[in-house]
Amino acid sequence: MPSYTAPTKDMQFILHDVLKVTEHSIPGYDELDRDFTAAILEECGKLNAEVLAPLNVVGDTEGCVLENGVVRTPTGFKAAFDQVREGGWTGLDMPEEYGGQNMPFVLGAATLEMFAASNQAFAMYQGLTHGAASAILAHGSDDQKATYLPKMIACDWTGTMNLTEPHCGTDLGLMRTKAEPQEDGSYAITGQKIFISAGEHDMADNIIHLVLAKIPGGPEGIKGVSLFIVPKFLVNEDGSLGARNGVACGKIEEKMGIHGNSTCVMNYDGAKGWLLGDLHKGMRAMFTMMNEARIGVGMQGLAQAEAAYQNALIYAKDRLQGRAVTGVENPDGPADPLIVHPDIRRNLMDQKSFTEGARAFVLWGATLIDQAHRGKDDDADGLISLMTPVIKGFLTDKGYDMTVQAQQVYGGHGYIEEWGMSQFTRDARIAMIYEGANGVQALDLVGRKLAQDGGKHVMAFFEMVKTFCKDNDSEEMEPFVGPLKQASKDLQAAGMFFMQNGMKNPNAALAGSTDFMHMMGHVCLALMWARMAKTSLDALANGTTDPDFHETKLVTARYYMTRQLPATGMHLARIQSGADTVMGLTADQF
């Protein structure tokens, strides 16, 4: 069975040595000293390694079962959920007035990686609840907040998001679920939603569904969509649970992965719901949840890659196969371990350089979220808005690729279920699809985010890279700054191509959108690696007590710069080829 060890040492390095969180002016960051974050991360790591990781294969093999309208979760899930709840992990970064601990999101993001890496299907129950609670916190009335948030933050009640219908996914303007006004101010919700993660289960007393629906007579298309709070059980005025609402799980979807999460078809039959936020502004309220979810899904790409890499590394060191071409390295055994072979090293270095770079990228993004929300900084808000489709799209595309490479290290053992590696690949696959398929993320990046606020935020990012390179123009930093400069130039050239061609031929821009998203992802990871390299060089110059850690960082940084970052040139060539070959065939010619 696969194992998992939380990478707390690397998290501490990023938080304190690279991001220098205690030096930020963001409210609450002054409390994030090393001892405090170490205590939180170590305790969370222990919970995930000892309790949740062993349940990962259980959830995969047992799945969820629907019986008489009730979903039974896999063996051990409920007891583990109680442990997570009792430890206060579900409200780590939520407001104290509703029972949370009010810690910065950056610390919550670090714990999120552990939960997603140890047991992604399990973590979705609390993760979706956090997102639903955030939407109520941002858009709910005082009464709604008082009614739902304390129970949801404690995960006594869980939450969901209900968008997709059988006939519409991305194009939500086509939805048919309706909400009819009632005399008491509520709405009767009728319709069917599909792909509802954690839609029904046995681990909480109540489930609070956030449901998109249309009020009859409202505007056509997406402008007529509103968001409603629809609890599984109605809540009495004193906070106790009342009658069962008109919502039920009709089916559990049979999926490729994340079997331990109950992905449901939800049927609403005149269910009582209450408007959340403004009338006909449902997408604005839902996007509070979706944007948070997209950061979380990007983290899932990293997390599955990390878990798969850890196990592939163990296997590569233990499995004896062939001899090193440069001479025997295990003379007392019949063969050398796999890790002596250059192609296995390449494979593992791909994984290591991705996971460590991606971790820095997401935690940096989390500081932007804190800066935007806690520090009321519009520029930070604009920058993380630009980065969100990159975090979601690039990290899940590459994270899936890394789980495949981890399988490859195992050879045939990676393909059979006994060794557990296929689960990482199967679970990682959904992250490229849900919360907006990655093609949609790329379109969002190129079609909306680049031009947002007149291009202010992408120009700020280019200036950030330029300033870093200028400030670190030295011989020892050249192996990192030089490639970063070239990759940034490639990215800017791609943006210029879009500006020159996009207006007269929009397909020319959109045909290159996924390439641009990957280019930007590589530049972001390269910036993170350059920052980590600078930190490690300084540590070595100052006489660190852990030289091996920092020397390893430098080797890994050089690997990323020389073996991964040149992909920006390939992506640029594809973008500059335009749309002619992409759109050249008629539909009938396919």
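Residues numbered from 1 in each chain as written. Predicted model: local features only at pLDDT ≥ 70, side-chain atom pairs only at ≥ 80, totals over all residues. Heavy atoms only, no water.

Undergrad: Please set out the overall build of the protein chain residue by residue, giving values where relevant.
TA: A tally of regular secondary structure across the protein chain gives 17 helices and eleven strands. For 590 residues, the compact-globule formula gives about 25 Å, and the C-alpha radius of gyration of the protein chain, at 24 Å, lands near that figure. Summarising its shape, the C-alpha atoms of the protein chain cover approximately 80 × 60 × 60 Å along the three principal directions. Expressed as a percentage of contacts within the protein chain between residues at least 6 apart in sequence, the contacts between residues at least 24 apart total 74%. (Helix = DSSP H or I, 4+ residues; strand = E, 2+ residues; numbered from the N terminus. Rg over C-alpha atoms; globule rule 2.2 N^0.38 Å. Contact = heavy atoms within 4.5 Å.)

Undergrad: Please give an account of the environment of Ala533 that cites residues and values.
TA: Residue placement: Ala533 occurs in helix 15 (residues 513-541). Sequence separation between Ala533 and Glu476 is 57 residues; the distance between their C-alpha atoms is 9.7 Å. Beyond its immediate chain neighbours, meaning those up to four positions away, Ala533 contacts Met477, Phe480, Leu554 and Ala557.

Undergrad: Describe in detail the packing of aromatic side chains, supporting the description with residues and values.
TA: How two aromatic rings sit relative to each other is given by the distance of their centres and the angle of their planes. Evaluation of the coordinates by the stated rule reveals twelve aromatic pairs. The interplanar angle of 75° and the centroid separation of 5.3 Å between the aromatic rings of Phe77 and Phe122 together place this pair among those described as edge-to-face. On the criterion of sequence distance, the pair formed by Phe77 in helix 3 (residues 77-86) and Phe122 in helix 5 (residues 120-139) is long-range, its members being 45 residues apart. Taking relative accessible area as the criterion, Phe122 reaches 0% and is therefore assigned buried. Seen from their ring centres, Phe81 and Phe122 are 5.8 Å apart, and the 70° between their planes marks the pair as edge-to-face. On the criterion of sequence distance, the pair formed by Phe81 in helix 3 and Phe122 in helix 5 is long-range, its members being 41 residues apart. (Phe/Tyr/Trp six-rings, centres within 6.5 Å; stacked < 30°, edge-to-face > 60°. Buried < 20%, exposed > 50% of the residue type's maximum accessible area, 1.4 Å probe, protein only.)

Undergrad: Before we move on, can you summarise the environment of Lys489 with the specific residues and values?
TA: For Lys489, the location among the structural elements is in helix 13 (residues 478-501). Between the C-alpha atom of Lys489 and that of Phe462, which follows or precedes it by 27 residues, the distance is 9.2 Å.

Undergrad: Summarise the environment of Pro479; cite the residues concerned and give the values.
TA: Tracing the backbone through its elements, the reader meets Pro479 in helix 13. Classification of Pro479 by relative accessible area gives partly exposed; the value is 34%. Between the C-alpha atom of Pro479 and that of Asp381, which follows or precedes it by 98 residues, the distance is 32 Å.

Undergrad: Account for the pairing of strand 7 (residues 225-231), with residues named and values stated.
TA: For strand 7, a buried count of seven out of seven residues is recorded, marking the element as mostly surrounded by other parts of the structure. Burial of strand 7 is two-sided: the residues Val225, Leu227, Ile229 and Pro231 facing one way and the residues Ser226, Phe228 and Val230 facing the other way are all buried. By the bridge criterion, seven bridges tie strand 6 (residues 206-214) to strand 7 in an arrangement that is antiparallel. Directly across from His209, in strand 7, lies its bridge partner Val230. Pairing geometry for strand 7 and strand 11 (residues 263-275), over two bridges, is antiparallel. (Pairing = 2+ DSSP bridges.)

Undergrad: If you had to explain a nonpolar patch on the surface to someone new, which residues and values would you point to?
TA: Together, Tyr415, Ile416 and Trp419 line one region of the surface with nonpolar side chains, adding up to about 350 Å² of accessible area. Residue class for Trp419 comes out partly exposed when judged on its relative accessible area of 32%. (Patch = residues over 30% accessible without salt bridge, like charges linked within 9 Å, V, L, I, M, F, W, Y side chains within 5 Å. Areas by Shrake-Rupley, 256 points an atom, 1.4 Å probe, with all protein chains shown as cover. Salt bridge = Lys/Arg side-chain N within 4 Å of Asp/Glu carboxyl O.)

Undergrad: So what's going on with the packing of helix 8 (residues 342-373) against helix 15? Which residues, and what values?
TA: The description of two helices packed together rests on the angle between their axes and the distance between the axes. One can describe the packing of helix 8 onto helix 15 by two numbers: an axis separation of 9 Å at closest approach and a directional angle of 90°. Accordingly, the angle class assigned to the pair helix 8 and helix 15 is roughly perpendicular. On helix 15, the residues that touch Lys352, Ser353, Phe354, Glu356, Gly357, Ala358, Ala360, Phe361 and Trp364 of helix 8 are Cys524, Leu525, Met528, Trp529, Arg531 and Met532. Here the residues of the contact of helix 8 with helix 15 are counted per class, giving ten nonpolar, two polar and three charged. (Axes fitted to C-alpha atoms, helices over the stretch in contact; angles between N-to-C directions. Parallel < 35°, antiparallel > 145°, perpendicular 65-115°, else oblique. Nonpolar A, V, L, I, M, F, W, Y, C, P; charged D, E, K, R; others polar.)

Undergrad: Tell me about the packing of helix 5 against helix 7 (residues 282-318), residues and numbers included.
TA: As a packed pair, helix 5 and helix 7 sit with axes 8 Å apart at the nearest point and diverge in direction by 155°. As judged from the angle between their axes, helix 5 and helix 7 are roughly antiparallel. Crossing geometry of helix 5 relative to helix 7 is assigned as right-handed. The residues of helix 7 that touch helix 5, namely those facing Gln120, Met124, Leu128, His130, Gly131, Ala132, Ser134, Ala135, Ala138 and His139, are Arg284, Ala285, Thr288, Met289, Glu292, Gln300 and Gln304. (Left-handed = near helix turned anticlockwise from the far one by under 90°.)

Undergrad: I'd love a proper account of unusual backbone geometry, names of residues and values included.
TA: Even without a glycine there, the phi angle at Lys20 is positive, about 50°. Along the polypeptide, Lys20 turns up in the loop between helix 1 (8-18) and helix 2 (34-62). The partly exposed category is assigned to Lys20, whose relative accessible area is 37%.

Undergrad: Go over the nonpolar core, please, and point to the residues and values.
TA: The biggest cluster of nonpolar side chains holds 179 residues, and the ones touching the most others in it are Leu210, Phe361, Met387, Phe461, Phe516 and Met520. Filtering out sequence-adjacent residues up to four positions away, Met520 remains in contact with Leu386, Met387, Val390, Leu445, Phe461 and Leu491. (Core = buried A, V, L, I, M, F, W, Y, C linked by side-chain atoms within 4.5 Å.)

Undergrad: Could you give me a rundown of the side chain of Asn472, with the residues and numbers involved?
TA: Looking at the secondary structure, you find Asn472 in the loop between helix 12 (456-471) and helix 13. At 2.8 Å, the side chain of Asn472 and the backbone oxygen of Phe468 are in polar contact. Ignoring any residue separated from it by four or fewer positions in sequence, one finds Asn472 in contact with Met477, Val481 and Lys534. (Polar contact = N/O pair within 3.5 Å; in protein donor to acceptor, adjacent residues only side chain to side chain.)

Undergrad: I'd love a proper account of helix 10 (residues 421-429), names of residues and values included.
TA: Along an α-helix, a turn takes 3.6 residues, which lines up residues three or four apart on a common side. The buried count for helix 10 comes to eight of nine residues, which makes it a mostly enclosed element. By the burial criterion, the buried members of helix 10 are Met421, Ser422, Gln423, Phe424, Thr425, Arg426, Asp427 and Ala428. Against the buried residues of helix 10 lie helix 2, helix 5, helix 7 and helix 9 (378-409).

Undergrad: Kindly report on the state of the cysteines, identifying the contributing residues and their values.
TA: Counted by the stated rule, this structure contains zero disulfides. Note on Cys155: no disulfide assigned, nearest cysteine sulfur contributed by Cys44 at a separation of 14 Å. A relative accessible area of 1% places Cys155 in the buried class. Cys249 provides the cysteine sulfur closest to Cys264, a residue in no disulfide bond, and the two sulfurs are 3.6 Å apart. The class for Cys264 is buried, based on a relative accessible area of 0%. (Disulfide = S-S within 2.5 Å.)

Undergrad: Give me the pattern of salt bridges: which residues, what numbers.
TA: This structure, assessed with the given rule, holds 27 salt bridges. In this structure, Lys553 and Asp10 form a salt bridge, with 2.6 Å as the shortest nitrogen-oxygen distance. Note that Lys553 is positioned in helix 16 (residues 547-564) and Asp10 in helix 1, a separation of 543 residues in sequence. You can call Lys553 buried: its relative accessible area is 3%. Salt-bridge contacts for Arg323 lead to Asp336; the nearest nitrogen and oxygen are separated by 3.0 Å. Note that Arg323 is positioned in the loop between helix 7 and helix 8 and Asp336 in the loop between helix 7 and helix 8, a separation of 13 residues in sequence. Each member of the salt-bridge network shares a partner with another, and the members are Asp10, Glu113, Glu306, Lys352, Glu356, Arg359 and Lys553.

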